[in-house]
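Topology and contacts: notes
Here are the chains, one letter per residue:
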Amino acid sequence: DGRLFHGASDIAGEIGHTTIDAHGRRCKCGNYGCLEAYASGPAIALRAVEAIESGAESNLPNLVNGDLGKISAQTVYQAAHAGDELALEVVRDTAKFLGAGIGNLINIFNPEVVVVCGGVTLAGDRLFDPLRGEVIRRAFKPAVRVCRIVPGELPGTAGVYGAARAFVEQVEAGIVRA
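Residues numbered from 1 in each chain as written. Predicted model: local features only at pLDDT ≥ 70, side-chain atom pairs only at ≥ 80, totals over all residues. Heavy atoms only, no water.

Focus: the overall build of the chain
Quick note on the threshold: Every helix listed is a DSSP run of H or I at least four residues long, and every strand listed is a run of E at least two residues long, numbered separately from the N terminus. Two residues form a contact once any of their heavy atoms are found within 4.5 Å. Residues counted as positive are Lys and Arg, residues counted as negative are Asp and Glu, and His and the chain ends are not counted. Charge coordinates come from a single atom per side chain, which is NZ of Lys, CZ of Arg, CG of Asp or CD of Glu.
Regarding its fold elements, the chain presents eight helices and two strands. When the helices and strands of the chain are placed in sequence order, the string is α-α-α-α-α-β-α-α-β-α. Projected onto the principal axes, the alpha-carbon positions of the chain cover approximately 55 × 40 × 30 Å. Considering only contacts in the chain between residues 6 or more positions apart, those separated by 24 or more positions represent 55%. The positive charge centre, built from 17 side chains, and the negative charge centre, built from 20, are 4 Å apart in the chain.

Description of the pattern of salt bridges
Applied cut-off: What counts as a salt bridge is simple: a side-chain nitrogen of Lys or Arg found within 4 Å of a carboxyl oxygen of Asp or Glu. Think of it in three bands: with a 1.4 Å probe and only protein chains considered, a residue is buried below 20% of the maximum accessible area for its type, exposed above 50%, and partly exposed in between.
Per the counting criterion, the structure on display carries four salt bridges. Across the salt bridge formed by Arg-137 and Glu-134, the nearest N and O atoms sit 2.9 Å from each other. Placement of both Arg-137 and Glu-134 in helix H6 (residues 125-138) is noted, with a separation of three residues, approximately one turn of the helix. Overall, Glu-134 belongs to the buried group, its relative accessible area being 8%.

With respect to the layout of surface pockets
So the rule is basically this: Buried and open spaces are told apart on a 1 Å grid over the protein atoms alone, a cavity being a set of points where a 1.4 Å probe fits but cannot get out and a pocket being an open set with protein on both sides within 12 Å along at least five of seven lines. Residues with an atom within 4 Å of a point are the lining residues. Grid points are joined across faces, edges and corners, and a volume is the space filled by probe spheres set on the points. Amino acids are sorted into nonpolar (Ala, Val, Leu, Ile, Met, Phe, Trp, Tyr, Cys and Pro), charged (Asp, Glu, Lys and Arg) and polar (every other residue, Gly among them).
Of the voids in this model, the largest pocket is the one considered here, and its volume is about 1,600 Å³. Residue lining of the largest pocket: 38 residues in total, with Gly-13, Glu-14, Ile-15, Val-115 and Cys-117 positioned closest to the centre. Elements supplying a minimum of two residues to the lining of the largest pocket: helix H1 (36-39), helix H5 (85-109), strand S1 (113-116) and helix H8 (158-172). Split by residue class, the lining of the largest pocket holds 24 nonpolar, 10 polar and four charged. The calculated volume of the second largest pocket comes to roughly 170 Å³. Along its surface, the second largest pocket is lined by Arg-25, Arg-26, Cys-27, Lys-28, Glu-36, Ala-37, Ser-40, Pro-42, Ala-43 and Leu-46. Taken together, the elements giving at least two residues each to the lining of the second largest pocket come down to H1 and helix H2 (41-53). In terms of residue count, H2 provides more of the lining of the second largest pocket than any other element does, three residues in total.

Some words on the confidence of the model for the chain
Heads up, the condition is: Each residue gets a pLDDT score, which is the predictor's confidence in that residue and runs from 0 to 100.
Per-residue confidence for the chain gives a mean pLDDT of 91; residues scoring 70 or more make up 97%. Least confident of the elements in the chain is H8, whose mean pLDDT is 76; most confident is helix H3 (residues 60-63), at 98.

Regarding H5
Which entries qualify depends on this criterion: One less than the number of residues in a helix, times 1.5 Å, gives the span that helix is expected to have. We call two N or O atoms a polar contact when they sit within 3.5 Å, provided that within protein one can donate a hydrogen and the other can accept it, with sequence-adjacent residues counted only if both atoms are side-chain atoms.
In a regular helix each residue adds 1.5 Å, so 25 residues correspond to 36 Å; H5 covers 35 Å between its end C-alpha atoms and thus fits that length. The distance from a side-chain oxygen at the start of H5 to the backbone nitrogen of Leu-86 is 3.2 Å, and the residue carrying that oxygen is Asp-84. Looking at the residues trailing H5, positive phi occurs at Asn-110, about 50 degrees.

Comments concerning the packing of helix H4 (residues 73-81) against H5
Test applied: In this analysis, axes come from line fits to C-alpha atoms, helices being fitted only over the stretch in contact, and the angle between any two N-to-C directions falls in the range 0 to 180 degrees. By definition, turning the near helix anticlockwise from the far helix through less than a right angle yields a left-handed crossing, and turning it clockwise yields a right-handed one.
At a closest axis distance of 7 Å, the pairing of H4 and H5 adopts a crossing angle of 115 degrees. Here H4 runs over H5; the crossing is left-handed. Each of Val-76, Tyr-77, Ala-79 and Ala-80 in H4 lies in contact with H5, whose residues at this interface are Ala-87, Leu-88, Val-90 and Val-91. Split into classes, the residues belonging to the contact of H4 with H5 amount to eight nonpolar, no polar and no charged.

Here we look at the state of the cysteines
Stated precisely, the cut-off is as follows: Criterion for a disulfide: a pair of cysteine sulfur atoms within 2.5 Å.
Per the counting criterion, the structure on display carries zero disulfides. Distance from the sulfur of Cys-117, which forms no disulfide, to the nearest cysteine sulfur (Cys-147) is 14 Å.

As structure tokens, this is what we get:
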């Protein structure tokens, strides 16, 4: 109805903290297997660094002058766009993780559109094409047919706009005084 859904205790929409692997990586929230533990920017960088430290060949270390601590999700996307196999694998895996999470959302809410925001959108079609394929594989077919999955138009500022909108709604409802 054109309004943010807050939920009973004002924490609705924490999609990143839905579990996609019950025995998976520990998330910063304390849970295991959260989508965020696999598909957030820091998690993408960490998965690439772990692979390099395990002996995977990649050009990523050259992009950061050998300092693996400087590898970011953006570095991984840059390497993927240049054809680096490890980076491409990390992006494909990220698409699978996001596809599982988005497939769950589509099955629960049956939306017309899912907007993916944040730095992950910098991966472009290398992420979105396999992500959409994973959603098709996982979600109910009638729901997938009517749902578009698109990158957000506010990649670096979506959270700021969301927080501002939540504040305005609280002021309008008299919960908070401006």
